[in-house]
Amino acid sequence: YTTRPMRAGEQNGREHTFLSNAEYDQIRQEDIVAQTLFAGNRYCATKQQLDGADIYIVDKKGLEDVRKNYSGPMLAIYLDSSDKTRRERMARRGDAPEQIENRLENDRKVFQGVEEMCDIIINVDSLSPKALAGELITLAHNVDTQCHE
């Protein structure tokens, strides 16, 4: 869930579930397993979302929260990419140059040390979104199969 406005091309329920602040406030606190604030926007994940998801994306704080508050099966995968690749992708989605540089600087701080918390690290610089999705789905399926054996 997020209070961030939708970007062009996004769909509610696909990238995020987009909520107003009033709607966000209606989420029961005991259901939230991870939450963060970024650029003035609120984000959270609930146990129900994680239970129903093959893949769920969080930042480092979110990963810390999920590990602490969620008891379901989980494989932490860090998608690593160079600043060059991230800069190009943010520019393609229409982010302003100042926003891009601020995001890169913020992420360097926020994600420091996250590699040690993850089970798998994938460098995505040369992967297309379709190839990455295939890899993640395969990994998610393998985790689900191992957890139900």
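We now turn to the structure provided with this report. Bear in mind the structure is a predicted one, so any value in this text is a computation, not a measurement.

Attention now moves to the overall build of the chain. What the chain contains, in helices and strands, is six helices and four strands. Taken from N to C terminus, the helices and strands of the chain fall in the order α-β-β-α-α-β-α-α-β-α. If you line up the chain on its principal axes, its C-alpha atoms span 45 × 40 × 30 Å. Looking at the chain residue by residue over its 149 residues, the buried ones come to 30%. Counting contacts in the chain only where the partners sit at least 6 residues apart, residues at least 24 apart contribute 52% of the total. For the chain, the exposed area adds up to about 9,900 Å²; of that, 50% sits on carbon and sulfur atoms.

Attention now moves to helix 3 (residues 60-69). Those residues of helix 3 that sit buried are Lys60, Gly62, Leu63, Asp65 and Val66. Contact partners of the buried residues in helix 3: strand 1 (32-38), helix 2 (47-51) and helix 5 (97-110). Near the N-terminus of helix 3, the side chain that reaches the backbone nitrogen of lysine 61, with its oxygen 3.3 Å away, is that of aspartate 59.

Quick look at unusual backbone geometry now. A positive phi angle, close to 50 degrees, is found at alanine 39, a residue other than glycine. Turning to its location among the elements, alanine 39 is positioned in the loop between strand 1 and strand 2 (41-46). On the basis of relative accessibility, which here comes to 63%, the residue alanine 39 falls in the exposed class.

Per the counting criterion, the structure on display carries one aromatic pair. Centroid distance tyrosine 78 to phenylalanine 111: 6.4 Å. Interplanar angle 35 degrees. Geometry classified as tilted. Of the two residues, tyrosine 78 is situated in strand 3 (residues 77-80) and phenylalanine 111 in the loop between helix 5 and strand 4 (120-123); the sequence distance between them amounts to 33 residues. With a relative accessible area of 15%, tyrosine 78 lands in the buried category. A relative accessible area of 22% places phenylalanine 111 in the partly exposed class.

This part takes up the pattern of salt bridges. Overall, the coordinates contain 16 salt bridges when judged by the stated rule. Between arginine 7 and glutamate 10 there is a salt bridge; the shortest N-O distance is 3.8 Å. Between lysine 84 and glutamate 88 there is a salt bridge; the shortest N-O distance is 3.0 Å. Here lysine 84 and its partner glutamate 88 are both found in helix 4 (residues 83-92), four residues apart, which amounts to about one turn of the helix. The class for glutamate 88 is partly exposed, based on a relative accessible area of 37%. Salt bridges here are not isolated pairs; linked through shared partners, they connect Arg4, Arg7 and Glu10.

How each quantity is defined
- Residues numbered from 1 in each chain as written.
- Predicted model: local features only at pLDDT ≥ 70, side-chain atom pairs only at ≥ 80, totals over all residues.
- Heavy atoms only, no water.
- Helix = DSSP H or I, 4+ residues; strand = E, 2+ residues; numbered from the N terminus.
- Buried < 20%, exposed > 50% of the residue type's maximum accessible area, 1.4 Å probe, protein only.
- Contact = heavy atoms within 4.5 Å.
- Areas by Shrake-Rupley, 256 points an atom, 1.4 Å probe, with all protein chains shown as cover.
- Polar contact = N/O pair within 3.5 Å; in protein donor to acceptor, adjacent residues only side chain to side chain.
- Phe/Tyr/Trp six-rings, centres within 6.5 Å; stacked < 30°, edge-to-face > 60°.
- Salt bridge = Lys/Arg side-chain N within 4 Å of Asp/Glu carboxyl O.

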